[in-house]
Amino acid sequence: MDQRFTDGFWHSADGLKLHYRDYPGPSDTDQPPILCMHGLTRNARDFTLLAERLSPEWRVIVPEMRGRGDSDYADDAGTYDVSQYVADVEALLAELGIERFVAIGTSLGGLMTMMLAQRGAERIAGAVLNDIGPAIEPGGLEKIRSYVGQGRSFPTWMHAARALQETHSDAHPGYQLEDWLQAAKRVMVLGQNGRISFDYDMAIGDTFREGEDAGGAPADNLWLAFESLADTPLLLVRGELSDLLSPDTVRQMKTRNRAMEIATVPKTGHAPTLDEPEAVAAIDALLARVRTQENA
C-alpha cells in the first residue's frame, strides 16, 4: 500500500529533533487539521488506521513525543513529563502555522489535550479524550509502573506478541493472535541486532515510576484544565473494562460538561484503538459537528 503521509521534523527548545507524520488531506479545504497525540509508551503508528480513514477529508498530523519512535531521546530524562510534551507540541503548531485544530488524545495524549485547552481553548475546534480524565485510577497507574521501561527484547514477532498478550490480555480479552501481532508491530521495532524491542526510551519508565501521577501531569489542575473544554465540541471514549478511567470519574466529567458526548467500547480496557465501531461512529459524529460549526 502506498504511504499516505509524509515525514516531518521540528526542533524542541532544548534542541531535540522530533518527528511527526503529516497526512495532507484535501487541498481545497479550510477545515482545521486534526492533531493526534499518543499514549505514554506509544508512537505515531497507533493512529495509522484512524489517520488513513480520516485523511481523505481532513489533514491529520501525528507527532511523536520526545523519546518515542523517530523522535530524539532526551539527554535529561527529567524532561519526560507532560508539561514538556505540551511545550514541544506548541513549538510544532507554531512552526506549521496552525492556529486552530481538532485534538485527539489517547491517555497521555488526552492529558496533553486538556493542558493545551487550558493554554488556549479557543484554538481547539473539537476534542476527543480517549480513555483518560482528570482523575486517574491508582490501580491502573500501578499496572503501568509494573511494566513500563523494562527494556525487554524478543527474538521473533511471535514472542513479542505473546509477551503483549501476557501483560494486556485483561484489556483486550477478545484479541486473537493476529491482533496481538498487529499490536506488537505498533509498539515495537526490529533493531540492528536482530532483536525486537519497544520503540521508546526506557528512561521514560524511570521518570514515570518516580512521579505520583501520569508522568508529570499537574494532578491538582487537571479538573480546571478539563473545564477549559466547556465550550468545545467534546467526545470521551472509554473502554468498558478500563482500569485508568472509572465510571465515577466519567459521571463527574459529565456533570461538569453536560454537552460532552460519551462512547463506551465494550469488552475493552485501556485503551481503545479508536478503530472499534463505537469509536468510529462517535468520532465521525464529533467531526460532523466541528465541520458544521466551522462552516457556520
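The shown structure was predicted, so the numbers you read here are calculated from the model rather than taken from an experiment.

Moving on, we get to the packing of aromatic side chains. For the structure shown, the criterion picks out 6 aromatic pairs. Taken together, a centroid distance of 6.4 Å and an interplanar angle of 70° make the contact between Phe154 and Phe198 edge-to-face. Separated by 44 residues along the polypeptide, Phe154 in strand 7 (residues 153-154) and Phe198 in strand 9 (residues 196-198) bring together distant segments of the chain. Given a relative accessible area of 22%, Phe198 falls into the partly exposed group. When the ring of Trp223 is compared with that of Phe226, the centres are 6.1 Å apart and the planes differ by 90°; the resulting orientation is edge-to-face. Placement of both Trp223 and Phe226 in helix 8 (residues 222-227) is noted, with a separation of 3 residues, approximately one turn of the helix.

This part covers the nonpolar core. Counting residues in hydrophobic clusters, the biggest one holds 52 residues, and the most contacted among them are Phe101, Met112, Ile124, Leu129, Phe226 and Met253. With sequence-adjacent residues up to four places away left out, Met253 is seen in contact with Leu129, Ile132, Gly133, Pro134, Trp223, Phe226, Leu236, Leu245 and Met260. The next biggest cluster of nonpolar side chains, apart from the first, holds 27 residues, and it includes Tyr23, Cys36, Val60 and Val62.

Counting buried positions over the 6 residues of strand 5 (residues 101-106) gives 6, a clear majority of the element. Taking every second residue as pointing to the same face, both faces of strand 5 are buried, with Phe101, Ala103 and Gly105 on one and Val102, Ile104 and Thr106 on the other. For strand 3 (residues 34-37) and strand 5, the ladder comprises 4 bridges, and the chain directions are parallel. Paired with Ile34 across the strands is Val102, a residue of strand 5. With 6 bridges joining them, strand 5 and strand 6 (residues 124-130) adopt parallel strand pairing. For Val102, the partnering residue across the bridge sits in strand 6 and is Gly126.

Below, the discussion takes up helix 2 (residues 82-96). Here helix 2 contains 15 residues, and its C-alpha end-to-end distance of 21 Å stays within 8% of the 21 Å for a straight helix at 1.5 Å per residue. Residues of helix 2 that are buried in the fold lie against strand 1 (6-11), strand 2 (17-23), strand 3, strand 4 (60-63), strand 5 and helix 3 (108-118). Residue Asp81 occupies the N-cap position of helix 2, its side-chain oxygen lying 3.0 Å from the main-chain nitrogen of Ser83. Phi turns positive, to about 70°, at Gly97, one or two residues after helix 2.

Look at helix 5 (residues 157-168) against helix 6 (residues 177-187): their axes get within 8 Å of each other, and the N-to-C directions meet at 100°. Considering the angle they form, helix 5 stands roughly perpendicular to helix 6. Residues Trp157, Met158, Ala160, Ala161, Arg162, Leu164, Gln165 and His168 of helix 5 form the contact with helix 6, whose own contacting residues are Leu177, Trp180, Leu181, Ala183, Ala184, Lys185 and Val187. By residue class, the composition of the contact of helix 5 with helix 6 is 11 nonpolar, 2 polar and 2 charged.

Turning next to the environment of Met188. Turning to its location among the elements, Met188 is positioned in strand 8 (residues 188-190). Note: C-alpha distance between Met188 and Ala160 (28 residues apart in sequence) is 8.3 Å. Setting aside its immediate chain neighbours within four residues, Met188 contacts Arg45, Phe154, Trp157, Ala160, Leu164, Ile196, Ser197, Phe198 and Asp199.

Looking now at the side chain of Thr79. Here Thr79 is to be found in the loop between strand 4 and helix 2. In this structure Thr79 comes out as buried when scored by relative accessible area, which is 12%. Apart from residues no more than four positions distant in its own chain, Thr79 is found in contact with Asp14, Arg66, Ala74, Gln84 and Tyr85.

What follows covers the environment of His270. Secondary-structure assignment places His270 in the loop between strand 11 (261-265) and helix 10 (277-295). Along the chain, His270 and Thr106 lie 164 residues apart, while their C-alpha atoms are 9.5 Å from each other. Discounting residues that sit within four places of it in the chain, His270 has contacts with Ser107, Asp131, Ala171, His172, Ser242, Asp243 and Leu244. Within the structure, His270 has its side chain in polar contact with the side chain of Ser107 (distance 2.9 Å).

Calculation notes
- Residues numbered from 1 in each chain as written.
- Predicted model: local features only at pLDDT ≥ 70, side-chain atom pairs only at ≥ 80, totals over all residues.
- Heavy atoms only, no water.
- Phe/Tyr/Trp six-rings, centres within 6.5 Å; stacked < 30°, edge-to-face > 60°.
- Helix = DSSP H or I, 4+ residues; strand = E, 2+ residues; numbered from the N terminus.
- Buried < 20%, exposed > 50% of the residue type's maximum accessible area, 1.4 Å probe, protein only.
- Core = buried A, V, L, I, M, F, W, Y, C linked by side-chain atoms within 4.5 Å.
- Contact = heavy atoms within 4.5 Å.
- Pairing = 2+ DSSP bridges.
- Expected span 1.5 Å × (residues − 1).
- Polar contact = N/O pair within 3.5 Å; in protein donor to acceptor, adjacent residues only side chain to side chain.
- Axes fitted to C-alpha atoms, helices over the stretch in contact; angles between N-to-C directions.
- Parallel < 35°, antiparallel > 145°, perpendicular 65-115°, else oblique.
- Nonpolar A, V, L, I, M, F, W, Y, C, P; charged D, E, K, R; others polar.

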